[in-house]
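Close look at the chain arrangement
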Amino acid sequence: MNIPTPPADGPKHYAFLLVPGFSTLGFSCAIEALSLANHHPTRQQFYSWRLISETGTPVPAYNGVTFNVDSALTDLSRDETLIVCAGENAGQGCSKAMLGWLRRETRKGMDYGALSSGTYILALAGLIGGKRVTTHWEYKTALGEMLPDVIMEDTIFSVDGRVFTSAGGAASMDMMLHRVADDFGPELATWVADQMVYTVPRANSAGQRMSLQSRPEIRNGKLLLAMQVMDNNIEDPLRPDEIADIVSLSTRQLERLFSKYLHTSPKRHYLHIRLEKARNLLQQTDLSVTDVCMACGFKSLSHFSKSYRAAFGISPGLEATHGKVLWSDGA
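1. Quick word on the overall build of the protein chain
For the protein chain, the helix and strand inventory stands at 13 helices and ten strands. Looking at the 331 residues of the protein chain, the share that counts as buried comes to 49%. Relative to all contacts within the protein chain whose residues are 6 or more apart in sequence, the contacts with residues 24 or more apart total 68%. Summed over its atoms, the accessible surface of the protein chain is roughly 15500 Å², and 50% of this surface lies on carbon and sulfur atoms.

This is the structure we're talking about:
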């Protein structure tokens, strides 16, 4: 196997900024790819890394596991690659000091990126304006509403110049394997993937969730098209007969398809996806209940509130109060 020799000035260096509430799965997948590269039979050190927190104290992940770090916010060198690792309560976990540090260090010209909702922290620091970026699918709707100057992609990871972002979770592994291949060639990346028992690494064009067409319970093209029509018309919902007309079915035929494959009616399914979007917006943005009501196609605030409470057991107003914490900028 032809493995390139590491640069004469030493291995490539990474700095992982751990934000309280970060995802252990995404972080572990990322750092394990670098660690395994160093265990290649040639025993060359391809990578080194250090862990950083705002104050230098241990950082709790979202699951309660606490990680020790190497230092507080400190000067980085231009040849280091910085990765922001976040998860739940991303905005609450950062501060003005952290955002200022990110702006200052990235001006040095280094590559920098994020795992999961770390993308939001980069946005708060003003570092991804006009860039193609990715975040975990749960946060995509909210970020799209809050950050109109970024290009949100529904992919497992995105690369735009020296900025790279990942959906987190196992997608962090795909992104780091991509970087290993760029750094030292595909042979090393393949060897690392084999060590991870990861037989089919995905390209950045891969979607985050199983496509509708791939779901085994859905095998009807007309049904898939009807569902896509619903997804594309959330703010101004269509009537069942309008959807049926678009997919060249009668209303009765459309109802039979939803009953057969999804065990629900078109009307209930449509309501479900609108309420799911509403929940994402209420939990992850500062949009008012009225704005969310309109964005999700409800003409009446009372109808929206009644439907929301029936679906989730909580009022939209209370959900919004809880949701403010997740995306507070912590500054």
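So, next bit.
2. What about the sheet that holds strand S1 (residues 12–18)?
Across a sheet, paired strands are connected by hydrogen bonds in the backbone, their directions being either parallel or antiparallel. Read from one edge of the open sheet, six strands run S2-S1-S5-S6-S10-S9, paired in mixed fashion. Among the strands making up the open sheet, the edge pair consists of strand S2 (47–52) and strand S9 (157–160). For this sheet, the mean angle separating the axes of adjacent strands, direction not counted, is 15°. Where S1 lies against strand S5 (residues 80–85), six bridges are found, and the strand directions are parallel. Across the sheet, residue Leu-18 finds its bridge partner in S5, namely Cys-85. The sheet strands contacting helix H1 (residues 24–37) are S1, S2, S5 and strand S6 (112–115), and the helix crosses S2 at an angle near 150°. Sitting on the sheet, helix H5 (residues 171–184) touches S1, S2, S5, S6, S9 and strand S10 (163–166), and the angle it makes with S10 is about 150°.

3. Brief notes about the packing of aromatic side chains
Scanning all chains against the criterion turns up eleven aromatic pairs. Grouping aromatic residues by their ring pairs yields a cluster made of Tyr-14, Phe-16, Phe-22, Phe-27, Phe-46, Tyr-47, Phe-67 and Phe-184. Seen from the ring of Phe-164, Arg-179 lies directly overhead, with NZ or CZ sitting 4.1 Å from the centre. Cation over ring: Arg-274 sits above Phe-298, and NZ or CZ is 4.2 Å from the ring centre.

Here is what the cut-offs are and how they apply
Residues numbered from 1 in each chain as written. Predicted model: local features only at pLDDT ≥ 70, side-chain atom pairs only at ≥ 80, totals over all residues. Heavy atoms only, no water. Helix = DSSP H or I, 4+ residues; strand = E, 2+ residues; numbered from the N terminus. Buried < 20%, exposed > 50% of the residue type's maximum accessible area, 1.4 Å probe, protein only. Contact = heavy atoms within 4.5 Å. Areas by Shrake-Rupley, 256 points an atom, 1.4 Å probe, with all protein chains shown as cover. Pairing = 2+ DSSP bridges. Axes fitted to C-alpha atoms, helices over the stretch in contact; angles between N-to-C directions. Phe/Tyr/Trp six-rings, centres within 6.5 Å; stacked < 30°, edge-to-face > 60°. Lys NZ or Arg CZ within 6 Å of the ring centre and 35° of its normal.

Nothing here speaks to function; it is all geometry.
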